[in-house]
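Fold and geometry: a report
Given next are the chains, with one letter for each unit.
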Amino acid sequence: MMKLKRFIFITIVILMITAFYSYSQEEFPMVDNLIFDHPQRPAAVFDHDDHNEKAGVEEDCSICHHVYEGKELIKDESSEDSLCSECHSLKTTPENGISLRMAFHNRCKSCHFKSNNGPVLCGECHIK
Amino acid sequence: MHSFINFIMGPMVWISFLIFFIGVIFRLIGLFKQINAKENFVYTYLSFKYSFRSIFAWLIPFLPVSTRKSPVFYSISYVFHLLLFLIPIFLLSHVALLEESMHWSWVTLSDSTADSLTLIVIFSLIFFFIRRFVVPEVKFLTRLSDFLFILIVALPFVTGFLAYHQFFAYRWMVIVHVLSGELMIILIPFTRFFHMFLAPLTRAYTGSEFGNVRHAKDW
Ligand code: HEM
């Protein structure tokens, strides 16, 4: 009888720990990667508002959410109501020379290199 | 730190390939100068047909008789050499970086496939390492430099594997990975790795002599 009680107790503890971990992992903000066919890496960590505040870019949304007309960048307009994938297809096409993966990488990494701060290696964004 | 990472993953890659190509050209020029001075009679029987016949014969697994005498070693060696080129050229992370800097891209292995293939390379290298201790006729010919070359080849594969899994010291693992990969590229023309260029030339030379002069197969 004691053994059974202990068994049930331990099982409940394990279940709670597992539930806590899966919950806390989902809480971690990331850039959605479901648009990619078979995501090869864990989704990249990116806490949108917190990041932009720390990086000092919360004023100008168009740094990332830019607007183009053909190949012409439209200054002072922003596209935060669109996903990057609405314009950047998975593979490069004649209309869009920047594949989606590359759009993300070049946008994020070039600024991190320039500001000497922020992650630049695969595993610093795609954290396992 | 960022500018250092930018340098080794940017300009240093091109510097390494430049040294590689210039080194290869100088080594080949030196080689042909030597042939012209000492053995220019080879040109009298050198033939495209027999050269390529020999090169292709030696590329077919287990066609050459000598390879059948040590099937285990030969199989591992064959797979190892294939993967040595296949993995770095078709690795997703390598192609992704190349696409971002040069807009060049081609088909890639999935990360999980590449990861398993990398393990095969690492185990092959362990096999080559142990073989130099346990096979008497190989042990007899082994020098310290043989282990050094195994280490130089192993380093980019082992550090790449450890970095991909993010086991520990991730940033340093990538830095050592990139530097060791570049070291290997730079060393090819100036070390024993140059056999990747000498081997086909040896086959052309031997194949032509056997085909044209002795009218025999050289495999
Ligand atoms: C001939 C030399 C090289 C070889 C043989 C090589 C091989 C590898 C291997 C086996 C992996 C890990 C694959 C896996 O287990 O999934 C890897 C990953 C990687 N390599 Fe290389 N590599 C070489 C040179 C380079 C160079 C010069 C660079 C830098 C420009 C580089 C950048 C990377 C990066 C960024 C990763 C991914 C690390 C991660 O996933 O966090 N490699 N490489």
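Bear in mind that the values here come from a model prediction, so they are computed numbers and not experimental data.

**Some remarks on the coordination of the iron atom of the ligand**
Residue and element names in this part refer to chain B. All of the protein donors around the iron atom of the ligand are His94 (NE2) and His177 (NE2); their distances to the metal are 2.0 Å. Because the angles between the six donor atoms bound to the iron atom of the ligand fall within 82 to 179°, the donor set is best described as octahedral. Of the two residues, His94 is situated in helix H7 (residues 92–102) and His177 in helix H11 (residues 170–187); the sequence distance between them amounts to 83 residues. Relative accessible area serves as the criterion here: at 32%, His94 is assigned to the partly exposed category.

**Here we look at the site of the ligand**
Neighbouring the ligand are 23 residues, the closest being Arg41 of chain A together with His94, Asp115, Tyr170 and His177 of chain B. Asp115 of chain B has a polar side-chain atom sitting 2.8 Å from an oxygen atom of the ligand. Separating a nitrogen atom of the ligand from a side-chain N or O atom of His177 of chain B is a distance of 2.6 Å. For the shell around the ligand, the secondary structure elements donating two or more residues are helix H6 (71–90), H7, helix H8 (111–134), helix H10 (144–165) and H11 of chain B.

**What about the packing of helix H1 (residues 2–9) of chain B against helix H2 (residues 11–38) of chain B?**
Residues and elements named next belong to chain B. Two elements in contact, H1 and H2, have axes whose closest approach is 3 Å; the angle formed by their N-to-C orientations is 30°. Taken together, H1 and H2 sit at an angle that is classed as roughly parallel. The residues of H2 that touch H1, namely those facing Asn6, Phe7, Ile8 and Met9, are Pro11, Met12, Val13 and Ile15. For the contact of H1 with H2, the per-class residue count stands at seven nonpolar, one polar and no charged.

**Quick word on the interface of chain B and chain A**
Facing the 21 residues of chain B at the interface are 24 residues of chain A. Summed over both partners, the interface of chain B with chain A comes to about 1,900 Å²; 51% of that surface belongs to carbon and sulfur atoms. Its largest share of buried area at the contact with chain A, chain B owes to His2, Glu100 and Gln166 of chain B, together 33% of the area lost on that side. For Glu124 of chain A, the salt bridge is made with Arg171 of chain B, and the minimal N-O distance between the two is 2.6 Å. Counting every contact that joins chain B to chain A gives 13 residue pairs in polar contact (both at pLDDT 80 or more). Of all the secondary structure elements, the ones that give two or more residues to the side of chain B that touches chain A are H1, H7, H8, H10 and H11 of chain B.

**A closer look at a negative patch on the surface**
On the surface, a cluster of negative charge is made up of Asp47, Asp49, Glu53, Glu58, Glu59, Asp60, Glu69, Glu72, Asp76 and Glu77 of chain A. Among the structural elements, Asp76 of chain A can be located in the loop between strand S2 (72–73) and helix H3 (100–114).

Cut-offs applied
Residues numbered from 1 in each chain as written. Chains lettered and ligands numbered in written order. Predicted model: local features only at pLDDT ≥ 70, side-chain atom pairs only at ≥ 80, totals over all residues. Heavy atoms only, no water. Donors = N, O, S within 2.8 Å, 3.2 Å for Na, K, Ca; no water. Tetrahedral: all angles 85-135°; square planar, octahedral: opposite > 155°, others 65-115°. Helix = DSSP H or I, 4+ residues; strand = E, 2+ residues; numbered from the N terminus. Buried < 20%, exposed > 50% of the residue type's maximum accessible area, 1.4 Å probe, protein only. Near = heavy atom within 4 Å. Polar contact = N/O pair within 3.5 Å; in protein donor to acceptor, adjacent residues only side chain to side chain. Axes fitted to C-alpha atoms, helices over the stretch in contact; angles between N-to-C directions. Parallel < 35°, antiparallel > 145°, perpendicular 65-115°, else oblique. Contact = heavy atoms within 4.5 Å. Nonpolar A, V, L, I, M, F, W, Y, C, P; charged D, E, K, R; others polar. Buried area = accessible area lost by both parts, 1.4 Å probe. Salt bridge = Lys/Arg side-chain N within 4 Å of Asp/Glu carboxyl O. Patch = residues over 30% accessible without salt bridge, like charges linked within 9 Å, V, L, I, M, F, W, Y side chains within 5 Å. Areas by Shrake-Rupley, 256 points an atom, 1.4 Å probe, with all protein chains shown as cover. Lys, Arg positive; Asp, Glu negative; His and termini not counted. Charge placed at Lys NZ, Arg CZ, Asp CG, Glu CD.

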